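Residue strings, one per chain:
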Amino acid sequence: MRRNILPRLQGVLKRKFSRVTSTVRIVEVGPRDGLQNERSIVPAAVKVDFINQLSRTGLKCIEVTSFVSPKWVPQMGDNAEVFQAIEKVPGISYPVLVPNVKGLESAMKVGVKEIAVFTSASEGFSQKNTNGSIQQVINRTKDVINVAKDHSIKIRGYISCVVGCPYDGYVKPSAVAKLCETLLSLGCYEISLGDTIGVGTTNLMKDMLKAVLVVAPSDKLGIHCHDTYGQALVNVCTALESGITVVDSAVSGLGGCPYAKGASGNVATEDLVYMLQGLGVRTDVDLNSLIEVGQFISKTINKPTNSKVNSALFKNLNP
């Protein structure tokens with residue numbers, strides 16, 4: 001029965017979303033965004049193994065770590081050790097997050113070729129997350145970008161809270177568009193639009209994207225959805241229909257936001273790949289390999305997988 005039903009469902013999806021692009025680039029954020037808020041420190045050797053396994057799934061971009069002070073994010077205290085130890089597979093990018101010039105300098109010492117900088121469209125979240133206003137964060141980010149450009153390092157930008165904030169509530173699309181325009185003008189090659197607390201719905205996402213697409217072409221944008229209210233895949237589809245072809249995700253649905261009560265992890269990479277396959281979209285990612293990696297890291301942190309697809313298919317792969 002299952003063998004007959006799934007192809008039919010996939011055929012329906014292909015017809016329904018016929019306007020969706022034929023190829024999507026997945027940015028795997030599990031090793032950084034997924035693990036950074038875990039209370040128990042994951043050993044560096046395990047992180048290295050985790051990233052190396054991800055490199056064998058077909059993923060082309062894996063965010064490795066964050067060069068932030070271990071005082072603020074203890075989980076990332078082994079950043080240099082992990083980055084130096086992972087296998088750098090040709091054709092795969094291994095970006096890291098940096099909050100300031102000091103973090104960038106540390107990243108450059110170990111040969112980082114791509115970084116991510118982060119801002120928020122919400123003043124309340126900016127103050128809580130970075131201890132500074134949006135403008136203060138932009139000023140710091142500008143310094144980071146200028147140094148990175150001087151060293152031919154690629155820069156990707158993150159904007160948090162693009163539809164809602166745990167402190168300020170609704171976020172105006174115009175605020176997101178303004179910030180996006182600023183980051184692109186400073187030198188970011190791409191902006192990841194993050195529904196950090198997962199409150200987005202189709203209409204909220206459409207309104208935000210409509211405003212952003214006035215100031216930025218779709219090929220300069222990515223989408224980053226958390227699944228707190230079970231809307232992540234729906235919101236990804238909304239972004240795909242708007243022409244966006246880059247999606248952030250975390251294997252096994254790892255992650256969460258410490259500043260947003262009840263916020264769950266990122267959209268699961270397994271669920272994303274399964275959906276995209278059903279849409280006839282090429283990702284070059286092997287789903288079975290991804291499921292095995294999801295099981296590995298879930299067992300390591302002693303938590304059940306948050307991926308519906310992983311839960312459903314793992315038993316079939318290991319009868």
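Just so we're clear, the structure is a prediction, and the values are computed from it rather than from any experiment. (Residues numbered from 1 in each chain as written. Predicted model: local features only at pLDDT ≥ 70, side-chain atom pairs only at ≥ 80, totals over all residues. Heavy atoms only, no water.)

K.L.:
Please clarify how the nonpolar core should be interpreted in this entry.
P.N.:
What tends to happen in soluble globular proteins is that the nonpolar side chains get buried as a cluster. Val96, Ile115, Ile159, Leu193, Met208, Val212 and Leu276 are the most contacted members of the largest nonpolar core, which has 92 residues in total. The element best represented in this core is helix H8 (residues 173-186), accounting for six residues. (Core = buried A, V, L, I, M, F, W, Y, C linked by side-chain atoms within 4.5 Å. Buried < 20%, exposed > 50% of the residue type's maximum accessible area, 1.4 Å probe, protein only. Helix = DSSP H or I, 4+ residues; strand = E, 2+ residues; numbered from the N terminus.)

K.L.:
I keep staring at the pattern of salt bridges and nothing clicks. Help me out?
P.N.:
Evaluation of the coordinates by the stated rule reveals eight salt bridges. Across the salt bridge formed by Arg32 and Asp33, the nearest N and O atoms sit 3.8 Å from each other. With a relative accessible area of 6%, Arg32 lands in the buried category. According to the relative accessible area criterion, Asp33 is buried, its value standing at 7%. Between Asp284 and Arg282 there is a salt bridge, with the nearest N and O atoms lying 2.7 Å from each other. Judged by its relative accessible area of 43%, Asp284 is partly exposed. (Salt bridge = Lys/Arg side-chain N within 4 Å of Asp/Glu carboxyl O.)

K.L.:
Please explain the confidence of the model for the chain as it appears in this structure.
P.N.:
Reading predicted coordinates in detail is not appropriate for stretches of low pLDDT. With 90% of its residues at a pLDDT of 70 or more, the chain has an overall mean of 92. Taken together, the stretch residues 1-5 has pLDDT below 50 and engages in two contacts with residues farther than four places along the chain or on a different chain. (pLDDT = per-residue confidence, 0-100. Contact = heavy atoms within 4.5 Å.)

K.L.:
Just to check I follow, could you spell out the sheet that holds strand S5 (residues 154-160) for this structure?
P.N.:
The strands making up a sheet associate through backbone hydrogen bonding, with each pair oriented either parallel or antiparallel. Reading across from one edge, S2-S1-S10-S9-S8-S5-S4-S3 is the order of the eight strands in this open sheet, with parallel pairing throughout. Either end of the sheet is taken by a strand with one partner, and the two such strands are strand S2 (61-62) and strand S3 (96-97). Sheet topology places strand S8 (residues 190-195) next to strand S9 (residues 221-225); five bridges connect them, and they run parallel. Across the sheet, Gly194 pairs through a bridge with His224, a residue of S9. Of the strands in this sheet, strand S4 (114-120), S5, S8 and S9 are in contact with H8, which crosses S5 at around 170 degrees. (Pairing = 2+ DSSP bridges. Axes fitted to C-alpha atoms, helices over the stretch in contact; angles between N-to-C directions.)

K.L.:
Please explain the packing of helix H9 (residues 202-215) against helix H10 (residues 232-241) as it appears in this structure.
P.N.:
In helix packing, the relevant descriptors are the interaxial angle and the interaxial distance, both defined with respect to the helix axes. Contact geometry of H9 with H10 gives a least axis separation of 9 Å together with a crossing angle of 35 degrees. For the element pair H9 and H10, the recorded crossing hand is right-handed. Facing Thr202, Met205, Lys206 and Leu209 of H9, the residues of H10 in contact are Val234, Asn235, Thr238 and Ala239. Tallied by class, the residues present in the contact of H9 with H10 amount to four nonpolar, three polar and one charged. (Left-handed = near helix turned anticlockwise from the far one by under 90°. Nonpolar A, V, L, I, M, F, W, Y, C, P; charged D, E, K, R; others polar.)

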